[in-house]
Amino acid sequence: EGLRGQRASGDDRRPFGGQSVDPFAHHGDIGGLFQRALENYSDIADITRILPSVPPANLGGADFLVPYFGKISIEGALAALDQMLAANLRQNLQVVIQIATKYSEPFTPQELIALFEKHKSVEGLFFYLGSIVNFSQDPDVHYKYIEAASKANQLQEVTRICRDSNCYDPERTKNFLKEAQLPDQLPLIIVCDRFDFVDELTRYLYANNMMKYIEIYIRQVNALRAPLVIGTLLDLDANEDTVRELVLLVKDACPAQELIDEVEKRSRLKLLRPWLEERAGAGATDAATFNALAKIYVETSNSPEEFLKTNEFYEPLVVGKFCEKREPLLAVVAYTKGTCDAELIAVTNENSLYKDQARYLVARADADLWATVLVADNEHRRELIDAVVQSALTTKTEPEKVSVAVKAFMDAELPNELIELLEKIVLDDSGRFAGNRNLQTLLIITAVKADTSRVREYIERLDKFVPVQIANICIGAHLYEEAFLAFAKLDLNVEAVDVLGNYLKDLER
């Protein structure tokens, strides 16, 4: 206090024989008097004269200073900390960190962050924020801790916060980590993976020749994002061999459908062939894999028809649509495999593949499907009927399927077309249905109803029909000569004479 009084009186700090003396130059000799002085000072100007100039050890260290800072005003405390760092950063940093940690809430992290940044103390900022970050929800605290840890080369802490914290600003953090160019890109990878910056991450790593970290990302961090990474690399026109190797590295960990979609929409599906074939060889059965393989085989003409006929795992509807504009006949194969009725009818009509449509209809033997194609307003009906008559019914066709086709023509009320169909079936001596009793009978009956001029010819040429039924139908249609012929041909003489006597009135015959 005496020294202070002399100083205040303008005595030019020369109390000892006129020699200039710093009253704090020999503070080690004074012992605990500085603590007593601080305890008695109330003026912040007095406090800030002592604190910056006296080593913390001579002020009782943290045991004295930390509690002491709780007794002075916040404004004064911050000013004192500022001057302590300005006077001797190295000497005062540790105790300042402890004080900042203790009074972080009243002093506020914003003020304390600004204080350490003012003095460019990365170490101070790192240790102070490290002491509060796990208990803080302040985005700025978390971001600044990531920043300080990065500058302090504490990469494990950077990684931990990037991975575990939900408080930092993702955009701001991502931009900082890109600019920081850390020796390890894992923190950036984690942030971009968590907050959907995968495209930007891939572009950044590729542009900076860090393919190693792209591989680390999709192999060790998140293989589920491999499709997005591969898609971006293709957009960047990356080397196909490199991309192919990356795909092979992720194996089954990568979602097949998403990867295929990303590559296919860039028209690079063939790039996936080794990976797809490896999956198929390993026992995969998912439709995505085999849809893609089917498309590749179609595009490369690698025995696609055999694959489409025999493989059980692809989706015929999907692959058929793919084939329609490339090779309609392969679309027919796929649709046939999957019984895709509407799609097959449409593609065969569009491409005038009426024979294929006819063969499919006969093989399907579905009355409802027949009904849809034999409607009067179907502009393709005539061409289809011609195809059915000419080529759809072969010696290998099962009788039940022939019956369904014949009945479909009957239900559609197409007698003339039915005659054409039946003639093809029963008048062909080499056909397996030439001697079919029911079909011969049906042909004659149909002719009776639709074209009587053909009835006599049919009766003369055929010999397996039901004579009584045919004759009675002829009698009902006033075709007496045809009725007589039907009876007489099969030696039903009594019935034949009855027709001559009762209907033809020809006793001479």
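Definitions and limits used
- Residues numbered from 1 in each chain as written.
- Predicted model: local features only at pLDDT ≥ 70, side-chain atom pairs only at ≥ 80, totals over all residues.
- Heavy atoms only, no water.
- Helix = DSSP H or I, 4+ residues; strand = E, 2+ residues; numbered from the N terminus.
- Rg over C-alpha atoms; globule rule 2.2 N^0.38 Å.
- Buried < 20%, exposed > 50% of the residue type's maximum accessible area, 1.4 Å probe, protein only.
- Contact = heavy atoms within 4.5 Å.
- Areas by Shrake-Rupley, 256 points an atom, 1.4 Å probe, with all protein chains shown as cover.
- Salt bridge = Lys/Arg side-chain N within 4 Å of Asp/Glu carboxyl O.
- Polar contact = N/O pair within 3.5 Å; in protein donor to acceptor, adjacent residues only side chain to side chain.
- pLDDT = per-residue confidence, 0-100.
- Axes fitted to C-alpha atoms, helices over the stretch in contact; angles between N-to-C directions.
- Parallel < 35°, antiparallel > 145°, perpendicular 65-115°, else oblique.
- Left-handed = near helix turned anticlockwise from the far one by under 90°.
- Nonpolar A, V, L, I, M, F, W, Y, C, P; charged D, E, K, R; others polar.
- Core = buried A, V, L, I, M, F, W, Y, C linked by side-chain atoms within 4.5 Å.

1. Remarks on the overall build of the protein chain
When its secondary structure is counted, the protein chain shows 35 helices and 0 strands. Expected size for 509 residues packed as a compact globule is a radius of gyration near 23 Å; at 49 Å, the protein chain overshoots this value by more than 25%. Across the 509 residues that make up the protein chain, the buried fraction comes to 47%. Sequence-distant contacts, at least 24 apart, represent 56% of the contacts inside the protein chain between residues at least 6 apart. Summing over all exposed atoms, the protein chain offers an accessible surface of approximately 25600 Å²; the carbon and sulfur share of this is 47%.

2. Here we look at unusual backbone geometry
The backbone of Lys120 sits at a positive phi, close to 55°, despite the residue not being glycine. Along the chain, the position of Lys120 falls in the loop between helix 9 (109–118) and helix 10 (122–132). Look at Lys251: it is not a glycine, yet its phi comes out positive at around 50°. Residue placement: Lys251 occurs in the loop between helix 18 (240–250) and helix 19 (256–264).

3. Here we look at helix 26 (residues 354–364)
Among all positions in helix 26, only Tyr354, Gln357, Ala358, Tyr360, Leu361 and Val362 are buried. In this structure, the buried side of helix 26 is in contact with helix 24 (328–338), helix 25 (341–350), helix 27 (367–373), helix 28 (381–392) and helix 29 (399–411). Downstream of helix 26 by one or two residues, Ala365 has phi in the positive range, about 50°.

4. Details of the side chain of Ser121
Looking at where Ser121 falls in the secondary structure, it is placed in the loop between helix 9 and helix 10. Those residues in contact with Ser121, other than ones at most four positions away along the chain, are Leu89, Leu93 and Phe116.

5. Notes on the pattern of salt bridges
When the charged atoms of two side chains lie near each other, side chains of opposite charge can form a pair. A complete count under the given rule lists 44 salt bridges for this structure. With a closest N to O distance of 3.0 Å, Asp164 and Arg163 form a salt bridge.

6. Considering the side chain of Asn349
The topology assignment puts Asn349 in helix 25. Judged by relative accessible area, Asn349 falls into the buried class, the value being 13%. Reaching out from Asn349, the side chain makes a polar contact with the side chain of Gln357 at a distance of 2.8 Å. Contacts of Asn349, omitting those with residues within four sequence positions, involve Tyr354, Gln357 and His380.

7. Quick notes on the confidence of the model for the protein chain
Per-residue confidence for the protein chain gives a mean pLDDT of 89; residues scoring 70 or more make up 93%. Counting contacts from residues 1–29, a segment whose pLDDT is below 50, to residues more than four positions away or on other chains yields 30 contacts.

8. A short note on the environment of Leu439
For Leu439, the position within the fold is in helix 31 (residues 437–450). Separated by 306 residues in sequence, Leu439 and Val133 have C-alpha atoms that sit 91 Å apart. Beyond its immediate sequence surroundings of up to four residues, Leu439 is in contact with Val402, Val406, Leu422, Ile425, Val426 and Phe433.

9. Quick notes on the packing of helix 5 (residues 61–69) against helix 7 (residues 89–102)
The interhelical angle for the contact between helix 5 and helix 7, taken along N-to-C directions, is 40°, at an axis separation of 9 Å. As judged from the angle between their axes, helix 5 and helix 7 are oblique. The element helix 5 and its partner helix 7 pack so that their crossing is right-handed. Between helix 5 and helix 7, the residues in contact are Ala62, Leu65, Val66 and Phe69 and Val95, Gln98, Ile99 and Lys102, respectively. Of the residues belonging to the contact of helix 5 with helix 7, the class tally is 6 nonpolar, 1 polar and 1 charged.

10. Quick word on the nonpolar core
In terms of nonpolar packing, the biggest core is built from 168 residues, with Phe69, Leu272 and Trp370 touching the most fellow members. Top element by residues in this core is helix 21 (residues 287–300). It accounts for 8 residues. If we skip the residues at most four places from it in the chain, Leu272 touches Val247, Leu259, Ile260 and Val263.

11. Quick word on the environment of Arg49
With respect to the helices and strands, Arg49 occurs in helix 4 (residues 44–50). Residue classification places Arg49 among the partly exposed positions, given a relative accessible area of 26%. Taking the C-alpha atoms as reference, Arg49 lies 36 Å from Pro139; in sequence the two are 90 residues apart.

12. Here's the deal with the packing of helix 26 against helix 28
Following both chains from N to C, one finds helix 26 and helix 28 inclined at 70°, their axes separated by 8 Å at the closest point. When the axes of helix 26 and helix 28 are compared, the pair comes out roughly perpendicular. Contact with helix 26, carried on its side by Tyr354, Lys355, Gln357, Ala358, Arg359, Leu361 and Val362, involves Glu383, Leu384, Ala387, Val388, Ser391 and Ala392 of helix 28 and no other residues of that element. Grouping the constituent residues of the contact of helix 26 with helix 28 by class yields 8 nonpolar, 2 polar and 3 charged.

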